[in-house]
Amino acid sequence: MNRHIRLDEKLAVLQESDTFRKWRSLDDRRVCVLCDRVISGRMIDVWEDKRGTFHLHCPTAGCSATPRDWFCHGPCSARPKTSKSERPTLGFRAVPA
Ligand SMILES: [Zn+2]
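Overview of the overall build of the protein
- When helices and strands are tallied, the protein shows one helix and six strands.
- Beginning at the N terminus, the succession of helices and strands in the protein can be written as β-α-β-β-β-β-β.
- For the protein, with 97 residues in total, the buried portion stands at 14%.
- For the protein, contacts bridging at least 24 residues in sequence account for 60% of all contacts bridging at least 6.

So, in structure tokens, the structure goes:
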């Protein structure tokens, strides 16, 4: 059975599931680019499926936005992109004299 998560679980779920931007509180706000509305974390429709996967949906009826469509409204920090290819190259191989 799918279940809606409780409000007190929501912030942790947002922080874990939104890999695009950071959530500091449920009052953080985002602009949904699909429906052009300002939403807060508190308003986001979050539920968990039977496999334990969290699904985040825009609270606007009929809007199919997901976290990637929610942009910061006011100050918030985008998560730094993590790319394995950007790992610094470790030293040079020592050439024996
Ligand atoms: Zn929306």
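Here the narrative resumes.
A look at the environment of Phe 20
- Here Phe 20 lies in the loop between α1 (7-17) and β2 (29-32).
- The sequence separation of Phe 20 and Phe 71 amounts to 51 residues, and the corresponding C-alpha distance is 9.1 Å.

Let's talk about the sheet that holds strand β1 (residues 3-4)
- Taken together, three strands build an open sheet; the order of strands is β1-β4-β5 and the sheet is antiparallel. Looking at strand neighbours, the two that pair on one side only are β1 and β5 (54-57), the edges of this open sheet.

With respect to the pairing of strand β4 (residues 45-48)
- Direction of pairing for β1 relative to β4: antiparallel, over a ladder of two bridges. Bridge assignment links Arg 3 to a residue of β4, and that residue is Glu 48.
- As paired elements, β4 and β5 share four bridges and run antiparallel to each other. Note on β5: the bridge partner recorded for Asp 45 is His 57.

A look at the environment of Val 13
- By the secondary structure assignment, Val 13 is in helix α1.
- A count of 20 C-beta atoms within 10 Å places Val 13 in the buried class.
- Sequence-wise, Val 13 and His 55 are 42 residues apart; in three dimensions their C-alpha atoms are separated by 9.3 Å.
- For Val 13, the contacting residues outside a window of four places in its chain are Ile 5, Val 46 and Phe 54.

A closer look at the nonpolar core
- Of all hydrophobic cores here, the largest spans nine residues; its members are Val 13, Leu 14, Trp 23, Cys 32, Ile 39, Ile 44, Cys 58, Ala 65 and Trp 70.
- For Trp 70, the contacting residues outside a window of four places in its chain are Arg 30, Val 31, Cys 32 and Ala 65.

Structural notes on α1
- Along α1, the residues classified as buried are Lys 10, Val 13 and Leu 14. Taken end-on, α1 shows its buried residues confined to a sector of 105°, consistent with a single buried face. Facing away from the buried side of α1, by more than 90 degrees, are the exposed residues Asp 8, Ala 12 and Glu 16.
- Packing partners of the buried residues in α1 comprise β4 and β5.

Criteria and cut-off values
Residues numbered from 1 in each chain as written. Predicted model: local features only at pLDDT ≥ 70, side-chain atom pairs only at ≥ 80, totals over all residues. Helix = DSSP H or I, 4+ residues; strand = E, 2+ residues; numbered from the N terminus. Buried ≥ 20, exposed ≤ 12 C-beta atoms within 10 Å, placed from the backbone. Contact = placed C-beta atoms within 7 Å. Pairing = 2+ DSSP bridges. Core = buried A, V, L, I, M, F, W, Y, C linked by C-beta atoms within 7 Å. Arc of directions from axis to C-beta.

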